[in-house]
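# Structural features, examined
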Amino acid sequence: MAAPTLHRDIEGFRGEVLRPGDAGYDDARRIFNGMVDRSPAVIARCTGTDDVVAAVRHAVAAGMPLAVHGGGHGVVGHAVCEGGLMLDLRPMNRVEVRVSDRTVSCGGGTNWGQFDAATQEHGLAVTGGRVPSTGVAGLTLGSGSGWLERKLGFTCDSLLAAEVVTAAGEVVTAGTDGDEELLWGLRGGGGNFGVVTRLDFRAHPVEPLLHAGLLLYPHEAAAEVIGHFRDFMAGAPDEVGGAATLITAPAAPFVPEAARGRPAVGMVVLYVGDPDEGARVLRPLVEFGPPAVAMVQPMPYSALQRLLEAGNPPGLRNWWTADFLTGLPDELVDVLAEHTARVPSPTTQVAIIAGGGAPARVPDEATALGTRTAPWNVHFLSIWADADDDERNIAWTRALSAAAKPWATGGAYLNFIGDEGHDRVRAAFGPEKYARLVALKDRYDPDNVFCLNQNVPPSRSVATGR
Ligand SMILES: Cc1cc2nc3c(=O)[nH]c(=O)nc-3n(C[C@H](O)[C@H](O)[C@H](O)COP(=O)(O)OP(=O)(O)OC[C@H]3O[C@@H](n4cnc5c(N)ncnc54)[C@H](O)[C@@H]3O)c2cc1C
């Protein structure tokens, strides 16, 4: 096998370049979703903004497809292209915390594990992804939902500025010291406008210990548990966050033997604030039962952020869809319970995330994100191991999502859907925001160089069909 070589053809590029056959090439092209198996002609591992500029200019001049790999968690697999050039941003993962003004900057390839470790050292946090290996950039550009959101807003609500390399290979700043409209577009408009090489956030004080954790019940109690969670959340303060989940109980030591491997209903709950007050406020949830597993206790925020890590290993096959919901009536809960009782894969998860709180109070026009006020956000995360089971799992997920559609708002949370077509992307933003995003796209990427994403095509390429 050939050793990695410096790519002399990419003028000015200083990072490592991998081609098929190079050591490390296969590891670098592999992403979270094991269904995605694409082989870029070149993987350019960028060490800084100059490398990104060099690689973007090279790809555009050569007419190569261009994929941007942040954390590699996008379920569609846009991070990696067949042929073409994959920009691997993972070496750009420096996190710089400025305690004096509570701001934090990170490179475009940072993941949440790296970000949380740096901010928590100073008792600070930004609403972050629920699995540490998810990329900060990809998640933020899709708006960013996390355990802290009802208290601190979506991730993009804390984004103050960003450095972006455009399709023309120019470096621009989004934010008050640069283009404010571009910052608006980056807050939920996805990777449409260029490569984000640096993100600057407002960070927030978050206690080193939070009262938080997991409750798990037999699936037979699904309707009662979800109904109780719904009713509790209706009056909960912003400090309370969480989700109801329909999963299969893992074969873990903390799960009673009789429950292991059986469908289950759970709640992840947290209180962002004083842990004693958290214990008091969360008591009606914790005392609902009896649960098969009750692990709600004071824990470091960074431990909460790792709670779902073991249940979400990389390399399995993933097919996802999601909807914002108008409500969570008993009838819908029954639909969810009935379908999940016959879930085809033990790794599949349905998560019902509680809305409301801080995100719902940010003025709608402040960000490109299309939906802020939905009371619930449901994720259908179908996950299995064998390619032979693709059809069965996808059919089950489609059927469940279709059965829940009568309660969907029609909007979509783009971070959690697959490739569901242009109309779905347009509907996610609504007509006014979509038109504003197209105008921004026309300015920054009129040839749709950055088309491997939840794409907002420029007006010119709608005409040419690129
Ligand atoms: C296990 C798991 C857990 C998740 N948990 C959450 C969660 O809690 N909350 C949530 O909101 N989402 C969550 N997601 C969804 C996730 O936010 C999106 O899939 C997001 O796009 C992933 O970003 P990434 O950088 O890891 O992925 P990538 O696949 O690398 O990137 C996805 C797309 O984002 C764009 N992009 C990424 N980085 C850059 C950059 N630096 N500049 C420009 N464009 C860029 C590109 O268009 C790219 O195609 C989760 C996904 C997984 C697999």
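Residues numbered from 1 in each chain as written. Predicted model: local features only at pLDDT ≥ 70, side-chain atom pairs only at ≥ 80, totals over all residues. Heavy atoms only, no water.

## Let's talk about the overall build of the chain
Secondary structure assignment for the chain yields 15 helices and 18 strands. Its C-alpha atoms give the chain a radius of gyration of 22 Å, near enough to 23 Å, the size a compact globule of 466 residues would have. With the principal axes as the frame, the chain shows a C-alpha extent of 65 × 55 × 45 Å. A total of 466 residues make up the chain; the buried ones form 58% of that total. Carbon and sulfur atoms make up 52% of the accessible area of the chain, which amounts to about 18300 Å² in all. Taken as two groups, the 39 positive and 55 negative side-chain charges of the chain have centres that lie 2 Å from each other. (Helix = DSSP H or I, 4+ residues; strand = E, 2+ residues; numbered from the N terminus. Rg over C-alpha atoms; globule rule 2.2 N^0.38 Å. Buried < 20%, exposed > 50% of the residue type's maximum accessible area, 1.4 Å probe, protein only. Areas by Shrake-Rupley, 256 points an atom, 1.4 Å probe, with all protein chains shown as cover. Lys, Arg positive; Asp, Glu negative; His and termini not counted. Charge placed at Lys NZ, Arg CZ, Asp CG, Glu CD.)

## A few points about the domain arrangement of the chain
The domain boundaries assigned to the chain delineate domain 1 (16-88), domain 2 (95-205) and domain 3 (209-416). Measuring from the centre of the C-alpha atoms in domain 1 to the corresponding centre in domain 3 gives 33 Å. Together, the buried faces of domain 1 and domain 3 total about 710 Å²; carbon and sulfur atoms form 65% of this surface. It is F32, M35 and V75 that lose the most area in domain 1 upon contact with domain 3, and together they represent 79% of the buried surface on that side. The tally of links between domain 1 and domain 3 comes to zero salt bridges. (Domains from an automatic or database assignment. Buried area = accessible area lost by both parts, 1.4 Å probe. Salt bridge = Lys/Arg side-chain N within 4 Å of Asp/Glu carboxyl O.)

## Some thoughts on the packing of helix α10 (residues 330-340) against helix α12 (residues 390-404)
For any two helices packed against each other, one specifies the inter-axial angle together with the distance between the axes. Relative to each other, α10 and α12 sit at 170 degrees, their axes nearing to 10 Å. One finds that α10 runs roughly antiparallel with respect to α12. Contacts between α10 and α12 involve L332, V335, L336, H339 and T340 from the former and W396, A399, L400, A403 and A404 from the latter. Grouping the constituent residues of the contact of α10 with α12 by class yields eight nonpolar, two polar and no charged. (Axes fitted to C-alpha atoms, helices over the stretch in contact; angles between N-to-C directions. Parallel < 35°, antiparallel > 145°, perpendicular 65-115°, else oblique. Contact = heavy atoms within 4.5 Å. Nonpolar A, V, L, I, M, F, W, Y, C, P; charged D, E, K, R; others polar.)

## A word on the sheet that holds strand β1 (residues 16-18)
The four strands lie next to each other as β1-β2-β4-β3, forming an open sheet whose pairing is mixed. Sheet topology places β1 and β3 (66-69) at the edges, where each strand pairs with a single neighbour. Each adjacent strand pair in this sheet contributes to an overall mean axis angle of 20 degrees, direction not counted. By the bridge criterion, three bridges tie β1 to strand β2 (residues 42-45) in an arrangement that is antiparallel. (Pairing = 2+ DSSP bridges.)

## Looking at the packing of aromatic side chains
Under the counting rule described, the total for this entry stands at seven aromatic pairs. Geometrically, the ring pair formed by F229 and W376 is tilted, given 5.9 Å between the ring centres and 55 degrees between the ring planes. Of this pair, F229 sits in helix α7 (residues 222-234) while W376 sits in strand β18 (residues 376-384); the two residues are 147 residues apart in sequence, bridging distant segments of the chain. Accessibility expressed as a relative area gives 0% for F229, which makes it buried. Residue classification places W376 among the buried positions, given a relative accessible area of 6%. (Phe/Tyr/Trp six-rings, centres within 6.5 Å; stacked < 30°, edge-to-face > 60°.)

## Let's talk about the nonpolar core
Side chains of a nonpolar character, in soluble globular proteins, are inclined to be buried together. Counting residues in hydrophobic clusters, the biggest one holds 50 residues, and the most contacted among them are F115, L182, L186 and F201. With five residues, the top contributor of residues to this core is helix α14 (residues 431-444). Among the domains, domain 2 (95-205) and domain 3 (209-416) are the pair contributing at least three residues each to this core. Apart from residues lying up to four places away in sequence, L186 is in contact with T140, L141, L159, A162, V164, A174, F193 and V196. Membership of the second largest hydrophobic core comes to 38 residues, among which are F232, L246, V343 and V378. (Core = buried A, V, L, I, M, F, W, Y, C linked by side-chain atoms within 4.5 Å.)

## Side note on the side chain of H211
Topologically, H211 is positioned in strand β12 (residues 209-218). Judged by relative accessible area, which is 10%, H211 ranks as buried.

## A look at the sheet that holds β18
Spatial ordering of the open sheet is given by β15-β12-β14-β13-β17-β18-β16, a layout of seven strands whose pairing is antiparallel. In this open sheet, the two strands that pair with only one neighbour each are β15 (293-300) and β16 (317-325). Averaged over all pairs of adjacent strands, the angle between their axes in this sheet comes to 15 degrees, without regard to strand direction. Looking at chain direction, β12 and strand β14 (residues 263-271) are connected through eight bridges and run antiparallel. Each bridged residue has a counterpart across the sheet, and for L215 the counterpart in β14 is M267. α7 rests against β12, β13 (240-248), β14, β17 (349-354) and β18 of the sheet, and its axis sits at about 170 degrees to β13.

## Structural notes on the site of the ligand
Taken together, 33 residues lie near the ligand, and G70, G72, G135, S145 and Y413 sit nearest. In the model, an oxygen atom of the ligand is placed 2.7 Å from a nitrogen or oxygen of the G70 main chain. One of the side-chain N or O atoms of N415 is found 3.1 Å from an oxygen atom in the ligand. Here the ligand, which alone exposes 940 Å², has 95% of that area covered by the protein. Tallying contributions element by element places helix α4 (residues 136-141) first for the shell around the ligand, with four residues. Taken together, the residues of the shell around the ligand sort by class into 14 nonpolar, 18 polar and one charged. (Near = heavy atom within 4 Å. Polar contact = N/O pair within 3.5 Å; in protein donor to acceptor, adjacent residues only side chain to side chain.)

## What to know about the packing of helix α13 (residues 422-429) against α14
One way to put it is that α13 packs onto α14 with a least axis distance of 6 Å and a crossing angle of 105 degrees. Between α13 and α14, the angle is such that the two are roughly perpendicular. Between α13, through H422, R426 and F429, and α14, the contact on the second element is made entirely by P431, K433, Y434 and L437. Partitioning the contact of α13 with α14 into residue classes produces four nonpolar, one polar and two charged.

## Thoughts on the pattern of salt bridges
Considering all chains together, one arrives at 28 salt bridges under this definition. Measuring nitrogen to oxygen at the nearest pair gives 3.8 Å for the salt bridge that ties E149 to R130. Linking E149 in helix α5 (residues 149-152) with R130 in the loop between β7 (124-125) and α4, this pair joins segments that are 19 residues apart in sequence. Neither E149 nor R130 differs from the other in exposure class; each is buried. Residue K433 pairs with D364 through a salt bridge whose shortest N-O separation is 3.2 Å. Placement of the pair is K433 in helix α14 and D364 in the loop between α11 (358-361) and β18, with a sequence separation of 69 residues. We classify K433 as buried; its relative accessible area is 9%. Each member of the salt-bridge network shares a partner with another, and the members are E16, R45, D88 and R90.

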